[in-house]
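# Coordinates in review
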Amino acid sequence: MRHKHILTTALAGIALAGSASAREIVATDAYSWHGDTISQAEYMAWSPDGRQIFSTYSAQPGYFMPVNKHWQIKNDLSSYPQLDTPNKLHQAIYNLGLDEMVNAVEPDTTLRTGKEWSGVWTRDVSYSILLSMAYMQPEASRISLMHKVTPDGRIVQDTGSGGAWPVSSDRLIWAVAAYELYKVTGDREWLEYIYPIIKKSVDDDLLVTHTEGGLVKGETSFIDWREQSYPRWMQTADIYNSEALGTSIVHVQALRVLADIAADLGHKDESAAYAAEADRIAKAVNDKLWMADKGYYAMYNYGRENAILNPRAETLGESLAILYDVADADRARSITENNPTTPFGAAIFFPQIADMPPYHNNALWPWVGAYWAIANAKVGNEPGTMEAIGAVFRPAALFTTNKENFVLDNGDIATELNSSNMLWCLAGNLAITHRILFGINFEKDGLAFKPFVPRALADTRTLSGFRYRDAVLNITVKGYGDRIASFTLNGKEHKPFIPANIRGTNDIVITMADNDIEPMHVNRTANVKAPLTPIARFNLEGNLEWNPIEYIGHYVILRDGERIANTRQTSFPATVPGEYQVIGVSVDGVESFASEPMSNRSATIIDFAGETTALASPEVSYQPATPIEGWHGNGFVELDHKSSPLVVDVDADADGDYAVTLVYANGNGPVNTENKCAIRTIEVDGIPAGTVVMPHRGVANWNDWGRTNTVRVPLKAGSHKIAVTFRPEDENMNINTNHAIVDRMIITKVK
């Protein structure tokens with residue numbers, strides 16, 4: 001009888017959906033939202049009453065995760081802000097966010113990452129807090145953030161590629177989230193608690209991940225499956241050496257937060273220094289990553305001795321550039337009009353990697369879509385905002401949950417991994433209503449209101465029971481547009497700002513101007529796959545050659561990061577010494593990744609003498625099953641916390657820039673997770689010159705030798721001492737194990 005009851009209710013829902021207002025709200029080539037219904041091909045989802053959602057969607061056959069056809073409120077939501085709107089599907093999607101938010105609060109008052117993902121993750125919880133959890137779940141947000149602090153008072157970089165920090169270096173988003181929580185609560189004790197944590201973490205990053213050129217080293221924020229967004233040849237040491245848009249902007253905003261807190265606590269000199277560093281990184285982002293021909297920022301710089309651009313668009317990074325004012329007004333507008341948008345929404349990055357399955361590649365994540373929607377609303381791009389909202393609401397309705405991610409080609413859930421009740425996705429769902437349609441923005445001294453209501457969403461909406469410090473706000477927004485015609489507080493005209501000391505229950509009515517928003521456009525495009533990456537090498541004659549790529553238009557040859565030739569052949573005479581790469585370009589002009597850098601410059605190789613068979617360090621966590629092999633010369637040297645500096649004497653035959661690289665092994669963990677990345681400082685004549693990282697290369701895999709990142713140092717002709725040292729800023733996330741073995745040092749004159 002229960003199944004019959006659901007079927008009867010569903011049929012009634014179809015009737016209600018058919019009789020509801022059929023006003024088209026947003027439509028793309030993939031789906032449409034009309035009235036209280038979202039339709040995609042033969043599938044539809046609807047809500048008859050704002051408290052439940054019905055769906056006819058059927059997921060890809062054989063996928064391990066089923067699709068629920070019906071959701072209804074299961075938890076008591078009375079203590080949270082209630083949305084009243086004529087559009088019952090919008091109301092239901094909002095209530096779905098509230099309902100799953102209650103599910104996400106664990107018994108220990110931490111925020112669970114997702115139905116399939118237990119525990120607290122630094123970036124997940126921080127982005128969720130920034131979207132809406134700071135004000136929806138302030139206590140759970142506070143406790144969750146406190147869980148992501150090391151015993152010595154630094155922000156935790158979660159386990160990740162090659163052993164966490166500094167290969168992954170976006171942990172400073174914690175600082176931005178912690179400050180957002182302060183703006184919500186006004187808790188001075190919290191401000192004093194977070195200041196030394198942020199300061200210690202930033203000070204380490206200043207020495208280890210910040211570069212002389214201004215950008216920040218490390219993996220693209222949140223995109224933490226290395227093969228999903230980097231060419232296959234890039235090892236984790238290469239990822240550390242890359243400079244990503246999103247991660248650099250996270251550092252900009254974290255530094256600005258730290259500068260603001262320092263000023264509030266009376267540390268004026270420190271405030272000025274951190275603000276200056278934020279400005280320096282922001283300038284570097286604009287100088288080095290902006291692509292005027294495309295109208296948006298590049299995803300990251302990558303390479304070895306010479307950095308080149310990965311010209312892909314990366315939606316979270318582009319959004320953060322707008323929201324944190326790294327992009328000026330003209331560039332912000334350009335980004336919203338030029339970032340490629342597929343029928344299902346803006347991709348995590350674009351174009352896609354052809355031979356990689358969907359997860360970060362070829363995918364949408366609703367929380368990133370929420371950031372993109374908020375960024376479009378800030379700029380005033382009405383169609384961009386509508387399509388971004390639709391890209392979040394479509395899957396929430398059709399799958400009756402806030403799923404983790406979706407295939408870009410067809411909008412389905414059949415990605416490599418997925419989860420329901422995903423924290424940052426439900427947080428993005430709620431943020432769209434609060435931050436865009438009601439225009440709520442938290443400042444240190446109050447609430448600022450700037451609703452952005454596209455004409456297609458013109459209605460009268462009320463958000464009742466919105467709690468802010470010692471007040472409860474009932475907020476009504478009428479009409480549409482991007483300008484406020486009238487703002488009243490308890491029946492009296494008031495500026496659109498509520499001071500932090502407001503108390504009691506208050507009624508706010510915002511009447512929009514019903515104005516036409518300045519027309520802007522969206523870069524609508526089909527999904528695009530980039531050509532495969534060429535595999536290049538030097539042949540016996542010393543020429544560069546590579547494998548042919550199907551459907552290619554031509555190849556671009558690079559030497560030392562500069563484009564020097566185009567060819568339709570699969571070889572090139574490498575007569576000039578340098579670092580060579582090849583890019584494949586499709587007939588439509590879409591570029592592949594560049595091939596692995598290959599250098600035909602002569603190098604000085606210094607072999608180290610030491611152990612020859614076994615590991616002696618007490619720090620080692622995985623003993624090798626077989627004797628260590630593959631080293632050169634007279635053995636290898638172990639590096640751990642107690643090692644003496646490894647010092648070599650070198651003679652430079654001429655003034656110039658030299659690249660210093662170590663050949664190492666680290667069998668203390670797997671390539672894709674844990675936190676035992678070994679870190680050391682390169683010193684030249686006693687002066688720190690840069691950081692080398694020795695990430696994991698596989699559990700107990702001590703015979704797998706690889707290269708560290710390159711440290712580029714200027715040397716005068718003559719004798720120098722180059723040392724590999726351990727400094728306080730080189731401590732990793734594990735703390736107990738910071739261990740690797742080193743076989744040789746390679747020094748190459750590059751300029």
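Summarised in this report is the structure supplied together with it.

### Some words on the sheet that holds strand S28 (residues 544-546)
Strand order across the open sheet formed by three strands is S27-S28-S31, with antiparallel pairing between neighbours. Lying at the two open borders of the sheet, with one neighbouring strand each, are strand S27 (536-538) and strand S31 (571-572). Bridging between S27 and S28 involves three bridges; their strand directions are antiparallel. Bridging across to S28, Phe538 finds its partner in Leu544.

### Here we look at the sheet that holds strand S19 (residues 446-449)
With respect to topology, three strands assemble into an open sheet ordered S18-S19-S24, the strand pairing being antiparallel. Strands with a single pairing partner mark the edges of an open sheet, and in this sheet they are strand S18 (440-443) and strand S24 (497-499). Averaged over all adjacent pairs, the angle separating strand axes in this sheet is 20°, with direction ignored. Bridging between S18 and S19 involves four bridges; their strand directions are antiparallel. For Phe442, the partnering residue across the bridge sits in S19 and is Leu447.

### As for helix H14 (residues 382-399)
Taking 1.5 Å of rise per residue, the 18 residues of H14 would be expected to cover 26 Å, and the 26 Å separating its terminal C-alpha atoms lies within 8% of that figure. Of all 18 residues making up H14, 17 are buried, and the element is well covered by its neighbours. Where H14 starts, the residue carrying a side-chain oxygen 2.8 Å from the main-chain nitrogen of Gly384 turns out to be Asn381. Among the residues trailing H14, Thr400 stands out with phi positive, at a value near 50°.

### Section: the pattern of salt bridges
Taken as a whole, this structure holds 37 salt bridges when the rule is applied. Here Asp238 ties to Arg304 by a salt bridge, and the two come within 2.9 Å at their closest N and O atoms. Of this pair, Asp238 sits in helix H8 (residues 236-241) while Arg304 sits in the loop between strand S11 (300-303) and strand S12 (307-310), placing them 66 residues apart in sequence. In this structure Arg304 comes out as partly exposed when scored by relative accessible area, which is 24%. Of the charged contacts, one joins Arg455 and Asp516 as a salt bridge, the two residues approaching to 2.4 Å between their closest N and O atoms.

### Things to note about the environment of Ser47
With respect to the secondary-structure elements, Ser47 resides in the loop between strand S4 (43-46) and strand S5 (52-55). Through-space distance from the C-alpha of Ser47 to that of Thr37 is 7.1 Å; in sequence the pair is 10 residues apart. Apart from residues lying up to four places away in sequence, Ser47 is in contact with Asp36, Gln52, Lys88, Leu89 and Ala92. Within the structure, the side chain of Ser47 is placed 3.5 Å from the backbone nitrogen of Asp49, a separation counted as a polar contact. Of note is the side chain of Ser47, whose polar atom sits 2.9 Å from the backbone nitrogen of Gly50.

Rules used in this analysis
Residues numbered from 1 in each chain as written. Predicted model: local features only at pLDDT ≥ 70, side-chain atom pairs only at ≥ 80, totals over all residues. Heavy atoms only, no water. Pairing = 2+ DSSP bridges. Helix = DSSP H or I, 4+ residues; strand = E, 2+ residues; numbered from the N terminus. Axes fitted to C-alpha atoms, helices over the stretch in contact; angles between N-to-C directions. Expected span 1.5 Å × (residues − 1). Buried < 20%, exposed > 50% of the residue type's maximum accessible area, 1.4 Å probe, protein only. Polar contact = N/O pair within 3.5 Å; in protein donor to acceptor, adjacent residues only side chain to side chain. Salt bridge = Lys/Arg side-chain N within 4 Å of Asp/Glu carboxyl O. Contact = heavy atoms within 4.5 Å.

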